[in-house]
Amino acid sequence: GALFVLPSLLILIALSWIYMAFGEVPWIAAIFYGIKPAVTAIVVHAAWRIGRRTLKNPALWALAAASFIAIFALQLPFPLIVVGAGLLGYVGARLMPGKFNLGNTHGTEAESSAPAVIDDHTPIPEHARFHPLRLLRLVLVAAALWLAPMGLLWISFGWQHDFTQMGWFFTKAALLTFGGAYAVLPYVYQGAVVHYGWLTPTQMIDGLALGETKPGPLIMVVAFVGFVGAYAKALLGPELLFAAGALAATLVTWFTFLPSFLFILAGGPLVESTHGNIHFTGPLTAITAAVVGVIVNLALFFGYHVIWPQGFDGSLDGLAAGITLAAAAALFVFHRSVMQVIGGCALAGLAVHLLG
């Protein structure tokens, strides 16, 4: 797990430092000008990809629409949407099991490919079988690994300090990562931008762009959030800006991934023991449908800040809108990869600067 996360963390620390230290250099700013529209198109494409796999009937479409209204119009917190969708999925699975039993939709793809070494028919090995004592031991170890750094932060800085609050906030974010990184990004935005003010909306878009350009999981964008927040607020003093950013990036990565490892080691046997159980798959199907609406809201948020950088009272940025449409066409029509789209848009932004 450490080897999976470490390369992304080190790369993002370096990129975040370059962004904060040299982001105002004209040619670097021009590259980010081109990348921002690409991010908007990428998030729209992500919503489409997840929705195509998930929204198989009107009930799930209605859930996606309701979640969009809840976060866009009513501005309800993301955790409340997740809990509400899970409850609706649990009830819906009992009343309309056919609408919420989409857990085996991957079967058609599996049948058309070569046999897997480990598949649904492989006998479960001993270490993957559920044992209450093993689960208890894993939970206690994970709790100790969480309490030790959190307690040290609390004693050293106090509960209200940004370092401590970053650990607490990203622990909650990790517990809400249903449907991948795009699903939890609206919650990260609500907390990091609106509530704590660790970074601006524009910086959040730039962070997602950097997250898309490096290897490893996209959720590593949280390292950028931590770095920028600590660097901008000089949490270790004006002489230690890089050290503060690197420490914050490392902390948020630890608190984000620790619950994930617990879910894998402790939850794997539970998943095997509940495989195909509608009472478990129903809520997860509903949550995934709700996530589609949340991601659409995220796309609109990014599009608003990219195309109307001064708000609706200001003028529309026609160049940014054009790059956004070109990026969307590259993804939807020509099926280009994310890296190709980001690279092309970065070059477009640089060309605008050179010709400007």
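### Concerning empty space enclosed by the protein
Applying the stated criterion across every chain, the model contains one cavity of 30 Å³ or more. One number sums up the size of the largest cavity: a volume of about 40 Å³. In this structure, the largest cavity is lined by Arg129, Phe130, His131, Arg134, Leu135, Leu138, Leu265, Ala266 and Pro269. Looking at the lining of the largest cavity, the elements that each hand over two or more residues are helix 7 (132–157) and helix 12 (241–273). In the lining of the largest cavity, the residues fall into six nonpolar, one polar and two charged.

### Considering the confidence of the model for the chain
Counting all residues, the mean pLDDT for the chain is 86, and 91% of those residues have values of 70 or more. Scored below 50 in pLDDT, residues 104–112 shows one contact in the model against residues more than four places distant or in partner chains.

### Overview of the pattern of salt bridges
Side chains that carry opposite charge are capable of pairing whenever their charged atoms lie near each other. Here the structure, examined in full by the defined rule, presents two salt bridges. For lysine 36, the salt bridge goes to aspartate 206, with nearest N and O atoms at 2.9 Å. With lysine 36 in helix 2 (residues 26–54) and aspartate 206 in helix 10 (residues 201–213), this residue pair connects regions lying 170 residues apart in the sequence. Classification of lysine 36 as buried rests on a relative accessible area of 16%. For aspartate 206, a relative accessible area of 3% puts it in the buried group. Close ionic contact of aspartate 162 with lysine 233 constitutes a salt bridge, the shortest N to O distance being 3.6 Å. Highlighted residues: aspartate 162 in helix 8 (residues 162–174) and lysine 233 in helix 11 (residues 221–233), separated in sequence by 71 residues. Residue class for lysine 233 comes out partly exposed when judged on its relative accessible area of 38%.

### Let's talk about unusual backbone geometry
Even without a glycine there, the phi angle at glutamine 75 is positive, about 55 degrees. In this structure glutamine 75 comes out as exposed when scored by relative accessible area, which is 64%. The backbone of alanine 234 sits at a positive phi, close to 50 degrees, despite the residue not being glycine. Inspection of the secondary structure puts alanine 234 in the loop between helix 11 and helix 12.

### Side note on the layout of surface pockets
Counted as a void, the second largest pocket has a volume near 590 Å³. Around the second largest pocket, the lining is made up of 25 residues, and of these Phe72, Tyr189, Asn297, Leu300 and Phe301 lie nearest the centre. Residue assignment for the lining of the second largest pocket shows that the elements contributing at least two residues are helix 2, helix 3 (58–72), helix 9 (181–195) and helix 13 (278–307). Among the elements that line the lining of the second largest pocket, the one with the most residues is helix 13, at 10 residues.

### Examining the packing of aromatic side chains
Evaluated as defined, the whole model comprises 25 aromatic pairs. An angle of 70 degrees between the planes, with centres 6.0 Å apart, marks the rings of phenylalanine 227 and phenylalanine 242 as edge-to-face. Pair noted here: phenylalanine 227 is in helix 11 and phenylalanine 242 is in helix 12, with a separation of 15 residues, a long-range link. Note on phenylalanine 227: relative accessible area 0%, which makes it buried. In this structure phenylalanine 242 comes out as partly exposed when scored by relative accessible area, which is 41%. Cluster of aromatic residues (ring-pair linked, three or more members): Phe78, Phe169, Phe170, Tyr187, Tyr196 and Trp198.

Definitions and limits used
Residues numbered from 1 in each chain as written. Predicted model: local features only at pLDDT ≥ 70, side-chain atom pairs only at ≥ 80, totals over all residues. Heavy atoms only, no water. 1 Å grid on protein atoms, 1.4 Å probe; cavity = no way out; pocket = protein on both sides within 12 Å on 5 of 7 lines; lining within 4 Å. Points joined across faces, edges and corners; volume = space filled by probe spheres on them. Helix = DSSP H or I, 4+ residues; strand = E, 2+ residues; numbered from the N terminus. Nonpolar A, V, L, I, M, F, W, Y, C, P; charged D, E, K, R; others polar. pLDDT = per-residue confidence, 0-100. Contact = heavy atoms within 4.5 Å. Salt bridge = Lys/Arg side-chain N within 4 Å of Asp/Glu carboxyl O. Buried < 20%, exposed > 50% of the residue type's maximum accessible area, 1.4 Å probe, protein only. Phe/Tyr/Trp six-rings, centres within 6.5 Å; stacked < 30°, edge-to-face > 60°.

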